[in-house]
Amino acid sequence: MIQTIGVIGAGQMGSGIAHVGAQNGFTIRLLDVDPKALAHAVEHIDGNLERLIARGKLTAKEKAETLGRIHGITDYRDFKDCDLVIEAATENEPIKREIFKHLVPHLNERAMVATNTSSISITRLAATTDRPERFIGMHFMNPVPVMKLVEIIRGIATDDATYEAIHELSVKLGKTPAVSEDFPAFIVNRILLPMINEAVYTLYEGVGSVEAIDTSMKLGANHPMGPLELADFIGLDTCLSIMNVLYDGLADSKYRPCPLLVKYVEAGWLGRKTKRGFYDYSKDVPVPTR
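Residues numbered from 1 in each chain as written. Predicted model: local features only at pLDDT ≥ 70, side-chain atom pairs only at ≥ 80, totals over all residues. Heavy atoms only, no water.

## Considerations on the UniProt feature "domain: 3-hydroxyacyl-CoA dehydrogenase NAD binding" (unreviewed entry) in the chain
Here the UniProt-annotated "domain: 3-hydroxyacyl-CoA dehydrogenase NAD binding" (unreviewed entry) positions come out as residues 4-182. For the annotated span residues 4-182, helix accounts for 39% and strand for 22% of the residues, and the straight-line distance between the end C-alpha atoms is 27 Å. (UniProt positions renumbered as here; feature names shortened; annotations may be inferred. Helix = DSSP H or I, 4+ residues; strand = E, 2+ residues; numbered from the N terminus.)

Listed below in structure tokens is the structure:
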């Protein structure tokens, strides 16, 4: 039975996973190499919980109990009592491989490992650990406390007990699991990222402006966010990384990343997190940059 969950990475995804786990009664060990990132994550979770209180969905007592279940750590040795560790670091395979190399010597024999990767082969990542049969993909959507879906992806070696435990955990976290085969970008990003990439091509080729493209998809296709606005929210570096995984993994030219997307990433214009992407976020109201 899963009771104590480790989370690696105190960024947007890691803090969201920690929030949801703690709010649903699990003890959380949240690791980041940067103590400031840990402090920022707890502050962010605190703010989210306060908003739930304001909307009448949480009591002050429940908030205190949730925060009390989250323990910030900076040492992998503190994962020794975890039943499951979820890696939620940046979407970069060499970084993830390095994390697993540091992680596995400190795990107990029964512990399972999950990765929140949005596109990388689960089988390949599992092979870098000492427990491929207890390794699985658990791809949460952003923002984790709001989005109901979690993609569950079995590697070729993932055993039935691990799959069943992670499926049961997903439901306990209030999520709806969708099972995907281990192919590049799985289900959501296999469909979503080529659409975003096509929107960038539409901008690159001068078919429409940023505002025209996003307005067209919001009003014409009833999307809550335009594709370029959504790309900024995801992070243009993450979008590019996923497109490269699709392009390299499936060897199909239709997945070629748009040169404009590459240029924005090269410029460090990564979207909301850098205050500039397809929109400029330096003022109260975002302004299109093209």
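## Some remarks on the environment of histidine 19
Here histidine 19 lies in helix α1 (residues 12-23). With 25 residues separating them along the chain, histidine 19 and histidine 44 place their C-alpha atoms 9.4 Å apart. In this structure, histidine 19 is in contact with Ile45, Asn48, Leu49, Leu52, Thr66 and Pro145, ignoring residues within four places of it in sequence. (Contact = heavy atoms within 4.5 Å.)

## Describing the pairing of strand β7 (residues 149-154)
Pairing between strand β6 (residues 135-140) and β7: 5 bridges, direction antiparallel. Residue isoleucine 136 lies in a different strand from β7, and its bridge partner there is arginine 154. Relative to strand β8 (residues 176-180), β7 runs parallel, the two being bridged by 5 bridges. Considered in β8, the bridge of isoleucine 153 is made with serine 180. Between the parallel pair β7 and β8, the chain is carried across by helix α6 (residues 160-172), and the sense of this crossover is right-handed. (Pairing = 2+ DSSP bridges. Right-handed = clockwise from strand over helix to strand, strands pointing away.)

## Some thoughts on the UniProt feature "domain: 3-hydroxyacyl-CoA dehydrogenase C-terminal" (unreviewed entry) in the chain
In the numbering used here, UniProt assigns the "domain: 3-hydroxyacyl-CoA dehydrogenase C-terminal" (unreviewed entry) feature to residues 186-281. Helix makes up 61% of residues 186-281 and strand 2%. Its end C-alpha atoms lie 31 Å apart.

## As for the pattern of salt bridges
Overall, the coordinates contain 19 salt bridges when judged by the stated rule. Here arginine 29 ties to aspartate 81 by a salt bridge, and the two come within 2.8 Å at their closest N and O atoms. Pair noted here: arginine 29 is in strand β2 (residues 27-31) and aspartate 81 is in the loop between β3 (70-73) and β4 (84-87), with a separation of 52 residues, a long-range link. A relative accessible area of 34% places aspartate 81 in the partly exposed class. As a salt-bridge pair, glutamate 87 and lysine 96 come within 2.5 Å of each other at their nearest N and O atoms. Lysine 96 carries the same exposure label as glutamate 87, and that label is buried. (Salt bridge = Lys/Arg side-chain N within 4 Å of Asp/Glu carboxyl O. Buried < 20%, exposed > 50% of the residue type's maximum accessible area, 1.4 Å probe, protein only.)

## Focus on the sheet that holds strand β5 (residues 112-115)
For sheets, the rule is that strands pair by backbone hydrogen bonds, running either parallel or antiparallel. Judged by pairing direction, the sheet is mixed, and its 8 strands sit side by side in the order β3-β2-β1-β4-β5-β6-β7-β8 without closing on themselves. Whereas interior strands pair on both sides, the edge strands pair on one side only; in this sheet they are β3 and β8. Geometrically, the sheet is characterised by an average inter-axis angle of 25° between neighbouring strands, direction not taken into account. (Axes fitted to C-alpha atoms, helices over the stretch in contact; angles between N-to-C directions.)

## Some words on helix α4 (residues 93-103)
For α4, the full list of buried residues reads Glu93, Lys96, Ile99, Phe100 and Leu103. For α4, the buried positions fall inside an angular range of 120° around the axis, keeping them on one side. Across α4 from its buried face, at more than 90 degrees, point the exposed residues Pro94 and Lys101. As for α4, its buried residues are in contact with β1 (4-8), β4, β5, α5 (122-126) and β6. The backbone nitrogen of isoleucine 95 lies 3.1 Å from a side-chain oxygen of the residue at the head of α4, namely asparagine 92. (Arc of directions from axis to C-beta. Polar contact = N/O pair within 3.5 Å; in protein donor to acceptor, adjacent residues only side chain to side chain.)

## A look at helix α2 (residues 35-54)
Taking 1.5 Å per residue, 20 residues should reach 28 Å; α2 reaches 29 Å between its end C-alpha atoms and fits that length. Among the residues of α2, Ala37, Leu38, Ala41, Ile45, Asn48, Leu49 and Leu52 are the ones counted as buried. Buried residues of α2, viewed axially, fall in a sector of 110°; they line one side. Residues of α2 that are exposed and point over 90 degrees away from its buried face: Pro35, Lys36, His40, Glu43 and Ala54. Structurally, α2 contributes buried residues whose contacts are with α1, β2, α3 (60-68) and β3. Its side-chain oxygen at 2.9 Å from the backbone nitrogen of lysine 36, aspartate 34 defines the N-terminal cap of α2. Trailing α2 by a residue or two, glycine 56 shows a phi angle of about 75°, which is positive. (Expected span 1.5 Å × (residues − 1).)

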